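Observations on the model geometry
These are the residues of each chain, in order.
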Amino acid sequence: MDHQPKFFENLSGTGKAIGVLTSGGDAQGMNAAVRAVVRMGIYVKAKVYFVYEGYQGMVDGGGNIVEVSWESVSSILQVGGTVIGSARCKSFRTRKGRLQAAYNLVQRGITNLCVIGGDGSLTGANLFREEWSGLLEELAQKRKIDEEAVKKYAYLNIVGMVGSIDNDFCGTDMTIGTDSALHRIIEVVDAIMTTAQSHQRTFVLEVMGRHCGYLALVSALACGADWVFIPEYPPEEGWEDSMCVKLSENRARKKRLNIIIVAEGAIDCHNKPITSEKVKDLVVQRLGFDTRVTILGHVQRGGTPSAFDRILASRMGVEAVLALLEATPATPACVVSLSGNQAVRLPLMECVQMTQEVQKAMDKGRFAEAVRLRGRSFENNLNTYKLLSHKKPDAELPKTNFNVAVLNVGAPAAGMNAAVRAAVRVGITEGHKMFAVIDGFEGFARGKIKEISWGDVGGWTGQGGSILGTKRTLPAKYLEKIADQMRTNNINALMVIGGFEAYESCLQLHEARSSFEEFYVPICVLPATISNNVPGTDFSIGADTALNAIVETCDRIKQSASGTKRRVFIIETMGGYCGYLANMGALAAGADAAYIFEEQFDIRELQANVEHLTEKMKTSIQRGLVLRNENCNENYTTDFIYQLYSEEGKGVFDCRKNVLGHMQQGGAPSPFDRNFGTKISAKAMQWISKKLKETYRKGKVFANTDDSVCLLGMRRRNLVFQPVAELKTETDFVHRIPKEQWWLKLRPLMKILAKYKTSYDVSDSGQLEHVAVHSPKEAETGAI
């Protein structure tokens, strides 16, 4: 659909005042949202006010409601919690309290509120909005304000952002803080695994989530836990026996540790609580295993926000300001949220009502309905966990007589091993024999191929790099040998996990079908590369882990620069010709500029950046951060930019450079990459099974259509299988990048938040959607 781009320059905030507050429990990333609201608000010439201590500050007024400047939100992006404070407020629940709050806002001309909090905070904001005109009339009757003020400030606009680590709000895929909380949980689980393994221990971990099991479920998926207890999916009657059988079976298979994850709100099917202590006592009494309990508690709320949360909160903050600027008296209060990869606006009360419906369904024991109401993403997680956690006895497994091979191609990316594990386990569940190919297509040609079992991939989710080994070699020069190996081992389908090379390899196999009939089999590519440069997908396995590594380093470098004062750092990131890491890293780290290949720049732009930094050094923020993608320009190298900045900044600032290099490829995979890798791999294996059934004729598999060689990618809001032959037209093969990349739309965001004048296409935003309850079938097709 060709639309005329709509730019926000037409939206002016002149004469408007925006109040921003955080309320309810804190969550990492709230500060990034506050920063984005303040800077975007000032950028569109609105006045922006902090409301300290949530609704309590609004009621108390005085020094709790303060106009802020651009510099007020400097250096808060990487800080956890909320710098403007949050408090539970009893007085705001009374009309008297709300009357006082309305008076305090009118005194400052604030009629736009951006509320960052959970469903309780947002419901309170909506009630305040509904009562607003009545409150003003009451204030006028009491002679606290005049009639003119009643007319001038006649209506209140509310936009909400959901800050909650529990991810318990319907209508949004991820709430601000959830990803960071998962990071904390996974750090603890990874640490506990090493000690548990040493002593052959069982660990029961209790994670937050009084009413929502999202954190427990996703962390169980991300660490391959043996058992998980969540409020939405209570275990069946007799679960004590099933769990103990499973734990002892795992020990019998030489597994040295067991991990059980319990959400704090976990219940059994009679709505009775299941506590971590109860689970521990059960394991000790029945099995005699050495068992320990670890309650994570408020650790999950603390620490620095992840790259995902910073980008999410920055996008939401900017979107919230746009929503406030476009609001009319008829616009319902809305929440800005994330659906797949899209920022969307949803009516606030629809989301709140659906969130409350989940609780009602659980109270009445309608658990399947509760899971469905939680949304596609939650249901998908649950189905994938059930599929991967428990191996059926061999006698119960179907037998298909199909052999499926899995291999890694290209550079290593964190999350590859999680994808291999899911592929192997789903393949075995579907009745196939699974084979692992060592060292990519080079290993394939040499016959480095072996059968791999359910137990062989235990504990792989948390491992970085590629356990199978990976090579960049393309199959073209080994076609004959690979065809031989496929014939010898009777391989009926291939799953290729890797980056741009994996995509190119499958194109080559597709094109070689006319010469080698062995390649007439279903082939699926899973994008896994830190560069995120594979056509047909918005995200690749491994890119999130690399982004977090970059952001963590940038945080440290910024701290060093702040201490020294008047220092600018030039940081080089990887990514080939794809600027994803540099651009998103700059957005998440609060950088001043990011040089990328996709947006050509010249000496004038470099000069303008230097002048911008010179101006910045006159303010209270005396440091600079500039990211450069490794291949953004063959002449303006990192050294050249460093020398130019050093010369031009003489006497104003000094310069340092830092090449991040291969540290971006290493490390344990982030929760997002483990989860994404696991889920798309499970989905891909189910697709392979379907294709095998469809193409099996006269005793052999013969898949000769274009749609039998596909790449599974995340496109906007859905997971889509796309024939690699069709993706050719979308690919720039010289620079190994897709011709169109979604994240370039976020580039102006980084520039706005760094105080550059720019245009920002807001065509995608501005539509108020409705909260949809999906059918069970949709969970299979849909979101991540």
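Notes on the structure in this doc start here. (Residues numbered from 1 in each chain as written. Predicted model: local features only at pLDDT ≥ 70, side-chain atom pairs only at ≥ 80, totals over all residues. Heavy atoms only, no water.)

**Considerations on the sheet that holds strand β4 (residues 112-117)**
Across the sheet, 7 strands lie side by side as β3-β2-β1-β4-β5-β10-β11; this open sheet has mixed pairing. Edge positions in the sheet fall to β3 (65-67) and β11 (342-347), since each of these pairs with one other strand and no more. Recorded for the sheet is a direction-independent mean angle of 25° between the axes of neighbouring strands. Alignment of strand β1 (residues 17-22) against β4, held across 5 bridges, turns out to be parallel. Opposite I18, over in β4, you have N112 as the bridge partner. Here helix α4 (residues 119-141) sits on the sheet in contact with β4, β5 (157-162) and β10 (334-339), set at roughly 160° to β4. Across the sheet, helix α10 (residues 307-326) touches β1, β4, β5, β10 and β11, and the angle it forms with β10 is around 140°. (Pairing = 2+ DSSP bridges. Helix = DSSP H or I, 4+ residues; strand = E, 2+ residues; numbered from the N terminus. Axes fitted to C-alpha atoms, helices over the stretch in contact; angles between N-to-C directions. Contact = heavy atoms within 4.5 Å.)

**Quick look at the side chain of T731**
Position of T731 relative to the elements: it lies in strand β26 (residues 731-732). Under the relative-accessibility criterion, T731 is labelled buried at 4%. At 2.7 Å, the side chain of T731 and the side chain of Y503 are in polar contact. The residues contacting T731, other than those within four sequence positions of it, are F500, Y503, P535, I737 and K739. (Buried < 20%, exposed > 50% of the residue type's maximum accessible area, 1.4 Å probe, protein only. Polar contact = N/O pair within 3.5 Å; in protein donor to acceptor, adjacent residues only side chain to side chain.)

**Thoughts on helix α17 (residues 500-511)**
Between its terminal C-alpha atoms α17 stretches 17 Å, which fits the 16 Å expected from 12 residues at 1.5 Å a residue. Within α17, 11 of the 12 residues are buried, leaving the element largely enclosed by the surrounding structure. Those residues of α17 that fall on the buried side of the exposure criterion are F500, E501, A502, Y503, E504, S505, C506, L507, Q508, L509 and H510. (Expected span 1.5 Å × (residues − 1).)

**Quick word on a positive patch on the surface**
A surface patch of positive charge is lined by R88, K90, R93 and R210. Mapping R210 onto the fold places it in the loop between β6 (202-207) and α7 (214-223). Given a relative accessible area of 57%, R210 falls into the exposed group. (Patch = residues over 30% accessible without salt bridge, like charges linked within 9 Å, V, L, I, M, F, W, Y side chains within 5 Å. Areas by Shrake-Rupley, 256 points an atom, 1.4 Å probe, with all protein chains shown as cover. Salt bridge = Lys/Arg side-chain N within 4 Å of Asp/Glu carboxyl O. Lys, Arg positive; Asp, Glu negative; His and termini not counted. Charge placed at Lys NZ, Arg CZ, Asp CG, Glu CD.)

**Description of the environment of I557**
Checked against the element boundaries, I557 lands in helix α18 (residues 543-564). Here I557 falls in the buried class, since its relative accessible area comes to 8%. When the C-alpha positions of I557 and A594 are compared, they lie 16 Å apart, and in sequence the two are 37 residues distant. Setting aside anything within four residues of it in sequence, one finds I557 in contact with F569, I571, L625 and N658.

**Points about the pairing of β4**
Of all 6 residues in β4, 6 are buried, a share of seventy percent or more. Every second residue of β4 is oriented toward a common face, with N112, C114 and I116 on one face and L113, V115 and G117 on the other, all of them buried. Of the pairings in the sheet, the one linking β4 to β5 comprises 6 bridges and is parallel in character. The residue of β5 that forms the bridge with V115 is G160.

**Quick word on the pattern of salt bridges**
Side chains that carry opposite charge are capable of pairing whenever their charged atoms lie near each other. If you walk through the whole model with that rule in mind, you get 40 salt bridges. Here R286 makes a salt bridge to D241, at a shortest N to O gap of 2.6 Å. Here R286 is found in helix α9 (residues 276-287), whereas its partner D241 is found in helix α8 (residues 239-252), with 45 residues between them in sequence. A relative accessible area of 45% means that D241 is categorised as partly exposed. The residue R446 makes a salt bridge to E442 at a minimum N-O spacing of 3.6 Å. Judged by its relative accessible area of 14%, E442 falls in the buried class.

**Quick notes on the pairing of β10**
Across the 6 residues of β10, 6 count as buried, placing the element largely inside the fold. Two elements, β10 and β11, share 6 bridges in a ladder whose sense is antiparallel. Bridge pairing links S337 to V344 in β11. Where β10 folds back on β11, the antiparallel hairpin that results is connected by 2 residues, among which G340 adopts a positive phi of roughly 60°.

**Re helix α20 (residues 603-616)**
Residues spaced three or four apart along an α-helix face the same direction, because each turn holds 3.6 residues. The terminal C-alpha atoms of α20 lie 20 Å apart, and with 14 residues this matches the ideal 20 Å at 1.5 Å per residue to within 8%. Taken as a whole, α20 has its buried residues at L606, N609, V610, H612, L613, T614 and K616. The inward-facing, buried residues of α20 contact β18 (567-573), β19 (593-595), β20 (623-629) and α21 (638-648).

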